[in-house]
Amino acid sequence: MTQELEGKVGLVTGGTSGIGRETAVLFAKARAKVVVAGRREQEGQETVGLIRAAGGDGLFMKTDVSKASEVEALIQKAVDKFGRLDIAFNNAGIEGVWVPILKQSEEDWDRTIDINLKGVWLCLKYEIRQMLKQGGGGAIVNMASITGLVGGAGAAAYSASKHGVIGLTKSAALETARSKIRINAVCPAVVETSMGERLFSAPAVHKYVLSCHPMGRFGRPTEIAEAVVWMCSDRASFMTGQSLVLDGGFLAGQNSPS
Ligand code: NAD
């Protein structure tokens, strides 16, 4: 890892575990200062501990990304502490309850959309506002999923939220392109995190879902984090409005479990 984010201030939502935590630490290794946001104080402080152990500087801010006032306060905190905001990974998300539409409650639909889609919109709103205040420039990556590109029977709310993130990413990228703010998304297949474990650990499900990954394994959080760091770096300077698929070949082999 080089020093490609030297001098930059970064934000990671959902940085208390999984892909978010891994990316926060990788941001720090690339020399960015890192603001970690999430709902769980202890896990958030643990991520900051990992950032410091990697020689970096960071802080945790307890934040629910579905609440406008909390997201606004989060960006303000980043600016108060580190003076600016240059890069952001809007990663926080939940799987919700995976059931057929007829069994899905309105409460679960609302919660999934509020966190996964409205949460990304709120983060974009206050991040872009801050970047424009600084005179423009910046890079933002939104967390989508391969279920943002294809449907999933029994995962309608989750899939709809992630399809929404991709539309939001394209529209936001168009609005900010002239201000030199690049906005992209990542679309992983199954990644080995607590969410992956919750959804796919039942033996029959695990076996089938694994067979849909031509590489014969799930992704690792660090493999997603590496891509996010690159997308946030100046090395990705001509990339905006895109959704980068990181799936071990899943979509290339769709409908043909191997
Ligand atoms: P995870 O459960 O470890 O991470 C999700 C993080 O988001 C947690 O830290 C959680 O506390 C946080 N979070 C949830 N609701 C929040 C809220 N309202 N406000 C702030 N933080 C909140 O699992 P993960 O796999 O690392 O998930 C990270 C992202 O990756 C999610 O958006 C998920 O949808 C997406 N994703 C995961 C996979 C996978 O297979 N693991 C695949 C594709 C996409």
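In this text, all values refer to a predicted model and were calculated from it rather than measured experimentally.

**Student:** Sorry if this is basic, but what is going on with the sheet that holds strand β3 (residues 58-62) here?
**Tutor:** Strand-to-strand pairing in sheets goes through backbone hydrogen bonds, with the strands running parallel or antiparallel. Strand order across the open sheet formed by seven strands is β3-β2-β1-β4-β5-β6-β7, with parallel pairing between neighbours. At either end of the open sheet lies a strand with only one pairing partner, and these are β3 and β7 (243-246). Here the average twist between neighbouring strands, direction ignored, is 15°. Two elements, strand β6 (residues 181-188) and β7, share four bridges in a ladder whose sense is parallel. Opposite Ala 185, over in β7, you have Ser 243 as the bridge partner. With respect to the sheet, helix α2 (residues 41-53) is in contact with β2 (33-38) and β3, its orientation differing from that of β3 by roughly 170°. With respect to the sheet, helix α3 (residues 68-82) is in contact with β1 (9-13), β2 and β3, its orientation differing from that of β3 by roughly 160°.

**Student:** Even after reading the chapter, I still don't get the packing of aromatic side chains, so can you show me in this structure?
**Tutor:** Two descriptors summarise a pair of aromatic rings, namely the distance from one centre to the other and the angle between the planes of the rings. In total, this model carries two aromatic pairs according to the counting rule given. A ring pair is formed by Trp 98 and Tyr 158, whose centres lie 5.4 Å apart and whose planes are at 45°; its orientation type is tilted. Placement of Trp 98 in the loop between β4 (87-90) and α4 (106-133) and of Tyr 158 in helix α5 (residues 156-176) is noted, with a sequence separation of 60 residues between them. Residue classification places Trp 98 among the partly exposed positions, given a relative accessible area of 32%. With centroids separated by 6.0 Å and ring planes inclined at 80°, the aromatic side chains of Trp 98 and Phe 200 adopt a geometry described as edge-to-face. Here the residue Trp 98 occupies a position in the loop between β4 and α4, and Phe 200 occupies one in helix α6 (residues 194-200), the gap between them amounting to 102 residues. Among the aromatic residues, ring-to-ring pairing joins Trp 98, Tyr 158 and Phe 200 into one connected group.

**Student:** Hey, could you run me through the site of the ligand in this one?
**Tutor:** Among the 30 residues in the neighbourhood of the ligand, the closest are listed as Thr 16, Ser 17, Asn 91, Tyr 158 and Thr 193. Here an oxygen atom of the ligand sits 3.2 Å away from a polar atom, N or O, in the side chain of Arg 40. With respect to the ligand, the side chain of Ser 194 contributes an N or O atom lying 3.2 Å from an oxygen atom. Contact with the protein chains removes 97% of the 810 Å² of surface that the ligand exposes when unbound. Examining the composition of the shell around the ligand, we find that four residues originate from one element, α6, more than from any other. Classifying every residue of the shell around the ligand gives 13 nonpolar, 12 polar and five charged.

**Student:** Sorry if this is basic, but what is going on with the pattern of salt bridges here?
**Tutor:** Pairs may arise between side chains of opposite charge once their charged atoms sit close together. Scanning the entire structure with this criterion turns up 10 salt bridges. For the salt bridge of Glu 72 with Arg 129, the shortest nitrogen-to-oxygen distance reads 3.1 Å. Residue Glu 72 is located in helix α3, and its partner Arg 129 is located in helix α4; the two are separated by 57 residues in the primary sequence. Look at Glu 72 and you get partly exposed, because its relative accessible area is 34%. Residue Arg 129 is classed as partly exposed on the basis of its relative accessible area, which comes to 42%. Connected through shared salt-bridge partners, Arg 217, Arg 220 and Glu 223 make up one network.

Each value, and the rule that gives it
Residues numbered from 1 in each chain as written. Predicted model: local features only at pLDDT ≥ 70, side-chain atom pairs only at ≥ 80, totals over all residues. Heavy atoms only, no water. Pairing = 2+ DSSP bridges. Helix = DSSP H or I, 4+ residues; strand = E, 2+ residues; numbered from the N terminus. Axes fitted to C-alpha atoms, helices over the stretch in contact; angles between N-to-C directions. Contact = heavy atoms within 4.5 Å. Phe/Tyr/Trp six-rings, centres within 6.5 Å; stacked < 30°, edge-to-face > 60°. Buried < 20%, exposed > 50% of the residue type's maximum accessible area, 1.4 Å probe, protein only. Near = heavy atom within 4 Å. Polar contact = N/O pair within 3.5 Å; in protein donor to acceptor, adjacent residues only side chain to side chain. Areas by Shrake-Rupley, 256 points an atom, 1.4 Å probe, with all protein chains shown as cover. Nonpolar A, V, L, I, M, F, W, Y, C, P; charged D, E, K, R; others polar. Salt bridge = Lys/Arg side-chain N within 4 Å of Asp/Glu carboxyl O.

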